[in-house]
Amino acid sequence: MIAWRSTWSIYTRELMRFLRTAFQSVLAPVLTTSLYFIVFGAAIGGRMPDLGGVDYGAFIIPGLLMLTLLGETTSNSSFGIYMPRFTGTIYELLSAPVGVAETLLGFVGAAITKSLILAAIILVTARLFVDYTIVHPFLALIYIMLVAAAFSLFGFILGIWADNFEKLGIIPLLFLTPLTFLGGTFYSIDMLPKPWDTIALANPIVYLVSGLRWTFYGSSDVNIWISFGITLAFLAICVGVITFIFRTGWRLRS
Amino acid sequence: MPDQSRTRIRTLDASASPIVDISALTKVYPGGLTALDGVDLRIRKGEIFALLGPNGAGKTTLIGAICGLVTPTSGSIRVFGHDLATDWRKARQRIGLVPQELSTDMFDPVMRAVSYSRGLFGLAPDPARIEEILRSLSLWDKREERIMALSGGMKRRVLIAKALAHEPDLLFLDEPTAGVDVELRKGMWSIIDEMRSRGVTIILTTHYIEEAEEMADRVGVIRKGRIIAVDEKEALMARLGRTEAHIALAAPLQVLPPEIARFSVELEDGGTSLCYRGGDGTGKGKAEVAELTKALYAAGIDYTGIEIRESSLEDIFVSLLGEGEQ
């Protein structure tokens, strides 16, 4: 039995936190995305060939969307749980009659909402620079929600694992961002020389970017169902880890 | 002296089943520190229970174990009949916690922070109830202010308001007056008394023995994770309390005459002072000192002054800790 009022409280509080840092959470990604479009879309994109029949400027939209979503979702949710641990306010959550279901639904629900807001802002910003059409808008929406859920859970795990600010930032900075850059954000895997095109498939972000690109343009480097499968598997692993954390109280309860 | 209503609450609930029933509770931290060592404790409905102990005695760990912040190593805790290991949701629904640290989201306005706490515990929004709580804690005028802008005492009141937002039947106050000035401390005492009058059972930890003496119905003393004494405050004082009287003699005495020696007395300061130690916490000591002065007069022993002192809860606390040390 899920305590929906508790879930709603966590959800709205997380959204309020997001709005409180609206400048950082919303305007920064918009500015970053615009810069990417100016550099890669306008300056370099004009010299690039169409990729799979898609204009280069439009081609990079799903990658840029993914780049921002992964970074923002992970850092938002990791801070969301780390800060209460750091300041001690976690006591309230731990002493309340809420379990893993309410906590996750509240945090993840808020993360998905934030991601959809961010995605909408980025898509609107992209529209100012390049013309594009989304072939499977409903699937794109579902896919964004799935990725947001998975990475908010991933961020949640990071926020529980980290015992200082350095650890909190190290995974997104040293692993997530490089993998996203190397995950086909700005190019198609087909453009890589051998054996790098095969090695690139070991990068899980490739499947995420590719999956979202398929929902936009109907073509991608990797089969869409493989992308969906990997996203769902990652989501399931994160849910499993967090359930374990809540059951055992690891880094939450002393 | 307790008022009648307070006595009535105790009398009524002494026979009732406890609302908190802790058995053989042990907590051993990963580093090997035993914070709780087989704690057995029962809390009655409607009482104020003061848990006393030196730093590191296990007070906060015990509260944490009941409130879900600490995972016990072994033992059982039942709250309102619910086993915390299996039926924790129902139990926690009725528990409020005011932590020792001023831990709250400092960016939130007071009203939002308190409303959030109510929602987190699964209750429907009730602005009237929140207003009532804020007014009772003199926070209503500060409701739109960010918590970071409030004074330390006000922040502690916000924590109390948050703990009361879901209308708990059992409230834990971990060092509620730590670091607050005397005036505010007395204000807190009146707030706690008000909560008790509404039927809330209160368990508080404190370093200020005076606080326990002022408010508690029962007192528990914890040392190195073990409860070494639990009793009614008055019973504890009656059992362990003492009267000490120093009588300055007009002329020094070398030997006590038999009619004086039958009292629990000894000569001090080269026979210029007579010291009485005895009685209990019920006034027996004072009566004996009165008898002693009459006996001195009858024996023709003149005196120039009397200094009399009843032992406080603090004396008893220190003595209990000393005994535990041995």
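Residues numbered from 1 in each chain as written. Chains lettered and ligands numbered in written order. Predicted model: local features only at pLDDT ≥ 70, side-chain atom pairs only at ≥ 80, totals over all residues.

An unreviewed UniProt entry lists chain A under the name Transport permease protein, from Qipengyuania atrilutea. Under the UniProt heading Sequence similarities (unreviewed entry), the note attached to chain A is "Belongs to the ABC-2 integral membrane protein family." (UniProt positions renumbered as here; feature names shortened; annotations may be inferred.)

Undergrad: I'm lost on the overall build of chain B in this one. Help?
TA: Across its full length, chain B carries 12 helices and 14 strands. Along the first, second and third principal axes, the C-alpha set of chain B runs to 75 × 45 × 40 Å. Expressed as a percentage of the 326 residues in chain B, the buried residues total 40%. Put simply, 70% of the contacts in chain B that link residues at least 6 apart link residues at least 24 apart. (Helix = DSSP H or I, 4+ residues; strand = E, 2+ residues; numbered from the N terminus. Buried ≥ 20, exposed ≤ 12 C-beta atoms within 10 Å, placed from the backbone. Contact = placed C-beta atoms within 7 Å.)

Undergrad: Teacher, can you tell me more about the pairing of strand β2 (residues 34-43) of chain B here?
TA: When a strand is regular, its side chains alternate between the sheet's two faces. Residue and element names in this part refer to chain B. Relative to β2, strand β1 (residues 20-28) is paired through 7 bridges, and the arrangement is antiparallel. Among the inter-strand pairings, T26 is bridged to a residue of β2, identified as D37. Hairpin remark: β1 followed by β2, antiparallel, with 5 residues in the connecting loop; positive phi at G32, about 105°. (Pairing = 2+ DSSP bridges.)

Undergrad: Help me out: how do you make sense of the domain arrangement of chain B in this one?
TA: In many reports, interface size means the accessible area that the parts give up when they come together. As assigned here, chain B comprises domain 1 (4-238) and domain 2 (242-310). Relative to domain 2 of chain B, the C-alpha centre of domain 1 of chain B lies at a distance of 44 Å. (Domains from an automatic or database assignment.)

Undergrad: Mind showing me how you'd approach helix α1 (residues 4-20) of chain A here?
TA: Note that an α-helix has 3.6 residues per turn; residues three or four places apart therefore point the same way. In this model, α1 of chain A (17 residues) spans 24 Å end to end at C-alpha, consistent with the 24 Å of a helix rising 1.5 Å per residue. Buried within α1 of chain A we find S6, T7, S9, I10, Y11, R13, E14 and F18 of chain A. Packing partners of the buried residues in α1 of chain A comprise α2 (22-44), α3 (56-87) and α5 (100-127) of chain A together with α4 (110-120) of chain B. (Expected span 1.5 Å × (residues − 1).)

Undergrad: What am I meant to see in the sheet that holds β1 of chain B here?
TA: Pairing between sheet strands relies on hydrogen bonds along the backbone, with the strands arranged either parallel or antiparallel. Residue and element names in this part refer to chain B. Ordered by their spatial adjacency, 4 strands build an open sheet running β2-β1-β4-β5, and the pairing between neighbours is antiparallel. Each having just a single partner strand, β2 and β5 (82-83) make up the two edges of the open sheet. Relative to the sheet, helix α2 (residues 59-67) contacts β1, β2 and β4 (74-79), its axis offset from that of β2 by approximately 65°. (Axes fitted to C-alpha atoms, helices over the stretch in contact; angles between N-to-C directions.)

Undergrad: I would appreciate a short explanation of the sheet that holds strand β14 (residues 303-310) of chain B in the present structure.
TA: Residue and element names in this part refer to chain B. If you trace the 4 strands from one edge of the open sheet to the other, you get β12-β13-β11-β14, paired in antiparallel fashion. A single partner strand is all that each edge strand has here, and the edge strands are β12 (265-268) and β14. The average angle at which neighbouring strand axes cross in this sheet is 20°, direction not considered.

Undergrad: Hey, could you run me through the interface of chain B and chain A in this one?
TA: With 26 residues of chain B in contact, the opposing surface of chain A contributes 21 residues. For the side of chain B that touches chain A, the secondary-structure elements that each account for two or more residues are α2, α3 (88-93), β6 (95-98) and α4 of chain B. A total of 4 residues in the side of chain B that touches chain A trace back to one element, the largest contributor, which is α4 of chain B. A class-by-class count of the residues in the side of chain B that touches chain A yields 13 nonpolar, 9 polar and 4 charged. (Nonpolar A, V, L, I, M, F, W, Y, C, P; charged D, E, K, R; others polar.)

Undergrad: Would you explain α2 of chain B in this entry?
TA: Residues and elements named next belong to chain B. In terms of burial, α2 is a largely internal element, 9 of the 9 residues being buried. Every buried residue of α2 is accounted for by K59, T60, T61, L62, I63, G64, A65, I66 and C67. One or two positions beyond α2, positive phi appears at G68, with a value near 95°.

Undergrad: Hey, could you run me through unusual backbone geometry in this one?
TA: Residues apart from glycine generally show negative phi values, whereas peptide bonds are mostly found in trans. Phi is positive for R251 of chain A, which is not a glycine, with a value near 65°. Its location among the elements puts R251 of chain A in the segment after α10 (224-248).

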